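Observations on the three-dimensional arrangement
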Amino acid sequence: MAEALVSSVVSSVKPLLQREAGLVFSARQELEKLSSAFSSIQANLNDAERKKVKEEAVRDWLQKLKDVAYDVDDLLDEWQTEVIRSTESWSRVPDFVKQVCGRDSDKECIKELLFCESSSRTDSSTFPVVIPIVGMGGLGKTTLAQEIYNDGKVVSHFQLRIWVHVSENFDVKRITEAIINDVTGDNCGGQLNRLQKELRKRVKNKRFLLVLDDVWNPDDDKWKKLKLPLKDCKQGSRILVTTRSKNTAAIMGTNTTSGSAYNLQPLSENHCLSLFKKIAFEGEEKKGHKEFEDIAEAIAKKCGGVPLAIKTVASLLKSKNKKTDWKHILNSEIWDFPEVEDGIFPALSLSYYDLPPLLKPCFSYLAIFPKDYEIEKDKLIKLWMANGYIRSDRQQKDMEIIGGEYFDSLLERSLLEAVQQDHDGNVVRCKMNDLVHKLAQFVAKGEFLIIEMGDQSHLKIDARHSSLLVRHQMEKFVQLQPVVSLRSLLFIVFSNMKVPHPPDLFDHTRSLRVMDLSHTKIEELPASLGKLKHIRYLDFSFTYIKELPESVGSLFNLQTLKLNECIYLCRLPQGMVQMCNLRHLELEGTEEINYLPKGLIEKLGVFATLSRFIVGSACKIGELKHLNLVRGKLRIEKLERVENREEAREAELKNKQYLDALVLCCTDKRDDGEWTAVDRKEVERMEGVFEGLRPHTNLKELEIFSYIGYEFPSWMKDSSFQNLTKVALYYCNKCKQLPALGRLPSLEELYIWRMEDLKIIGDEFYGDGDGGIKGFRRLKKLTFAFLRNWEVWDLGEDEMPSLLALIIMDCHKLKELPKVFPGGLSSLNISGCAELKSLSDGLRRLHSLKTLDIYGCVQLKDLPDLRPSTKLEELNIKDCPFLSSKNNNEGEEWLKIAHVRRICIEGKQLQKDGVWKEFSDRKRKNV
């Protein structure tokens, strides 16, 4: 951190000396002295950072240096801000899958414990069986548990699989909520008593596997309370626990058939070396070189059989091809650092101290997040930017691109772990191993503070960066004592709740670079917000604010302003046009905002993120031509205000090569009378407008709302859109036919909603009419909904070969389904098709069909014979009177579906696990 601060000061002084020719001589002299002094210090900081671990005097010197550097950085920032404020005119230049190595025998032993039958069910206190996996940090307990959890035999053996990360806070209510959420997919809340009743209902008579990951300190009473509603489960249920503590294992019940917990041991030397070489020898340069092999063996031994240590050091050496670099790591004094967690701390420290100076503060900043917290990549990069950790020459690379490279580097070095990926395999969410988190807290000690909010009467934050964790509802916030030196303040709110914010917050935090008040109850922002002259990042998402004060125009340094889901926010102040450094303006879910400040786009010029653009008299669509660097998702609204094709072209959407998702919206015309009133001239005008809105061919997702045209624009069927994977068309009521979307080579998801004039879907849809390749080669998900006049669907035999899920909803005039369906279809949902009288016999040839849902098809009289030819596992029928009356465990109709494992008709489960429910219930009562 000291290196980054000193570097920031040096970087800030240089442009001031270059730009401010009018500096008085004495001031210029002082700045030059400051630059020289900090440059000299900078040269010795790397050595000091290493020595601080053992030498208290060095630690004290570094802390004092950081205090001075922070103060100087604030002064220089204020100076630069005043320069901007006083200038009358200015311009701007437009490996995710975890692998288990050497754990095959461990995996098989634990699987055997999962599958073996418990000797008795009479002792309810030992049911379900608990299997603790015990071992020190970094051994790979969680990774092993994940491998077992996703094993094919385990998946098929248990009816329910539930994964809950527990961590240090063994909160019975929170864990119960998490279990229910994992089972149902919905967020639940309420009193513990109600939650336990719900949990009991969800697991009753089901064989489940519950994994409680990373358990630390449950007391006996809490554990008994948590497992109370789990005791009505089916025999064979298991609870798998990962923990470092043998005491925890004893409390939670080491009642495996062997009578003890499973103690995970360090890897053998052979497995250590194998894992190390697999990572470090990824390229060809080092393979076969005996000297590299010898060094690798020596380093692997130093890692003590701990997979995390091996992975971290091997990741560090992967990019180093000089033997001297490898020897430097082998002989590093860091191996002699005071050991934490049985020797793993030195190995992790090696990776940190080997980081380039620019990356060290980025890693240290991770200490602001609580243990096991999932971090959004996009948010993390913006936080780094706000704190000055990313510097960029815009003619070379934008800060966001550099930040992405920093993120990928930490990921590659195993200092971050991937949690979630996007459609293209890019990591979008991450977390830290708890030992890596401990390392971040160690290297950032004294500068970062995490505070658990509880019953404090007042709050004093003695740190530069702080996060406030709110896990329970708070009626009011405590008084915040003045914290002049605070640079980052993040509210991290767990569960779905709104929390109050500290009173007079903006008067006590004048040095802030980052403020995140998302999910708080704040309703009004004071004018004093404009006094936060250093602020770079503001997040008011999911709050109750109605407007921003005009004083925000004074926030010249602000880079990111997040206002997502501020559902009461109705206007943005005109003063925002003065925010000369604003790069990210996020407005998702702010439907009450009907216009943007006049000149916002034209004056600010470069937005990397602009989630909404509203066409109007203040903002013509042509202003978008200034935003060719915009990224992510852009929603353009009120397109009926665009005069013609020529004006639409002024937006230059075809030049926005970095845009991933585009949403084109006209004002909603839900009322049938409004659509009828639209004349031909208006229709032709809007057809021209949309024709002029052709985007760049890099686009990945396209959505269109309330389009007023008979035909869709010609560019929608252009096969040059190689990256387009998702298309959604909503409320396009004048369109009489669908575009030839089958020509889009990469399309995977397609949603068609409410097209009143659409009657036939035929060859024109697939793009086959010109003798080309059959359409929709990669389509996986298809939804037709609220097509009230749709009558005919022609589907060729070879169309949509990759389709997995099909939904047909509220298509009242559709009388029959296609005679053939894509062979790989696994899920079919048909609902609200009032005139549908029979299902196609083509369903019989769907060998992959697993789920069939039929709702509200009042004239549907029978099902095709679904016997041996299909793999149907679940059948749900509701509000289908003819079907429901025939399928009641007797007669020919029942024989068509008797092989299905789960059958639910009119809300009643008739068959479960392949057994008729009433027979199953009688058998259980007799037992």
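Cut-off values and rules
Residues numbered from 1 in each chain as written. Predicted model: local features only at pLDDT ≥ 70, side-chain atom pairs only at ≥ 80, totals over all residues. Heavy atoms only, no water. Salt bridge = Lys/Arg side-chain N within 4 Å of Asp/Glu carboxyl O. Buried < 20%, exposed > 50% of the residue type's maximum accessible area, 1.4 Å probe, protein only. Helix = DSSP H or I, 4+ residues; strand = E, 2+ residues; numbered from the N terminus. 1 Å grid on protein atoms, 1.4 Å probe; cavity = no way out; pocket = protein on both sides within 12 Å on 5 of 7 lines; lining within 4 Å. Points joined across faces, edges and corners; volume = space filled by probe spheres on them. Patch = residues over 30% accessible without salt bridge, like charges linked within 9 Å, V, L, I, M, F, W, Y side chains within 5 Å. Areas by Shrake-Rupley, 256 points an atom, 1.4 Å probe, with all protein chains shown as cover. Lys, Arg positive; Asp, Glu negative; His and termini not counted. Charge placed at Lys NZ, Arg CZ, Asp CG, Glu CD. Pairing = 2+ DSSP bridges. Expected span 1.5 Å × (residues − 1). Arc of directions from axis to C-beta. Contact = heavy atoms within 4.5 Å. Axes fitted to C-alpha atoms, helices over the stretch in contact; angles between N-to-C directions. Parallel < 35°, antiparallel > 145°, perpendicular 65-115°, else oblique. Left-handed = near helix turned anticlockwise from the far one by under 90°. Nonpolar A, V, L, I, M, F, W, Y, C, P; charged D, E, K, R; others polar.

An unreviewed UniProt entry lists the protein chain under the name Disease resistance protein RGA3, with Nelumbo nucifera given as the organism.

In this section: the pattern of salt bridges. Overall, the coordinates contain 38 salt bridges when judged by the stated rule. In this structure, the salt-bridge partner of Arg103 is Asp106, at a minimum N-O distance of 3.3 Å. Residues Arg103 and Asp106 agree in their burial class; the two are buried. The closest approach of N and O atoms between Lys224 and Asp220, which form a salt bridge, is 3.2 Å. Here Lys224 pairs with Asp220, and both are found in helix H10 (residues 220-227), just four residues apart, close to one helical turn. For Lys224, a relative accessible area of 48% corresponds to the partly exposed category. Several salt bridges share partner residues, and in doing so they unite Lys107, Glu108, Lys111, Glu147 and Asp151 into one network.

Once rolled over the atoms, a probe with the size of a water molecule shows which space is left empty. Estimates place the volume of the largest cavity at around 40 Å³. As for the largest cavity, its lining consists of Leu653, Lys656, Leu659, Pro695, His696, Asn698 and Leu699.

Attention now moves to a positive patch on the surface. A surface patch of like charges, here positive, comprises Lys759, Lys813, Lys815, Lys837 and Lys861. Secondary-structure assignment places Lys759 in the loop between strand E24 (749-753) and strand E25 (760-761).

On to the sheet that holds strand E1 (residues 129-134). Spatial ordering of the open sheet is given by E2-E3-E4-E1-E5, a layout of five strands whose pairing is parallel. Of all the strands in the sheet, just strand E2 (160-167) and strand E5 (262-263) have a single pairing partner and so form its edges. Judged from the six bridges that link them, E1 and strand E4 (residues 238-243) form a sheet pairing that is parallel. Along E4, the bridge assignment pairs Val129 with Arg238.

What follows deals with the sheet that holds strand E14 (residues 514-516). An order of E9-E11-E13-E14-E15-E16-E17-E18 is seen for the eight strands of this open sheet, with the pairing classed as parallel. In the strand order of this sheet, the two ends are held by strand E9 (448-452) and strand E18 (609-610), each with one partner. Relative to strand E15 (residues 537-539), E14 is paired through three bridges, and the arrangement is parallel. Bridge assignment links Val514 to a residue of E15, and that residue is Tyr537.

In this model, helix H5 (residues 104-115) (12 residues) spans 17 Å end to end at C-alpha, consistent with the 16 Å of a helix rising 1.5 Å per residue. What H5 keeps buried is the set Asp106, Lys107, Ile110, Lys111, Leu113 and Leu114. One side of H5 holds all its buried residues, which, seen down the axis, span an arc of 155 degrees. For H5, the exposed residues lying more than 90 degrees away from the buried face are Asp104 and Glu112.

Unlike most non-glycine residues, Glu652 shows phi in positive territory, near 55 degrees. Relative to the helices and strands, Glu652 is located in the loop between helix H22 (645-649) and strand E21 (659-665). Glu652 sits in the partly exposed class, given a relative accessible area of 25%. In the Ramachandran plot, Tyr731 falls in the positive-phi region, its phi being about 55 degrees despite a non-glycine side chain. On the basis of relative accessible area, Tyr731 is assigned to the buried category, the value being 13%.

Here the focus is the side chain of Lys562. Locating Lys562 in the fold gives a position in strand E16 (residues 560-562). For the buried Lys562, which has no salt bridge, the nearest side chain bearing the opposite charge is Glu586, at an N-O separation of 4.0 Å. Excluding its chain neighbours within four sequence positions, the residues that come into contact with Lys562 are Tyr537, Leu538, Asp539, Phe540, Ser541 and Glu586.

A C-alpha to C-alpha distance of 7.7 Å links Glu652 and Leu693, two positions 41 residues apart in sequence. The residues touching Glu652, leaving out its near neighbours within four places in the chain, are Lys625 and Asn628.

Below, the discussion takes up the environment of Gln574. Structurally, Gln574 can be placed in the loop between E16 and strand E17 (584-586). Classification of Gln574 as partly exposed rests on a relative accessible area of 37%. Along the backbone, Gln574 and Gly599 are 25 residues apart, and their C-alpha atoms lie at a distance of 8.8 Å. The contact partners of Gln574, leaving out residues within four places of it in the chain, are Glu550, Pro597 and Lys598.

With their axes 10 Å apart at the nearest point, H5 and helix H6 (residues 141-149) run at an angle of 55 degrees to one another. Viewed along their axes, H5 and H6 adopt a mutual orientation that is oblique. Judged by the twist between their axes, the crossing of H5 over H6 is right-handed. Between H5 and H6, the residues in contact are Asp106, Lys107, Ile110, Lys111 and Leu114 and Leu144, Glu147 and Ile148, respectively. The class makeup of the residues in the contact of H5 with H6 is four nonpolar, no polar and four charged.

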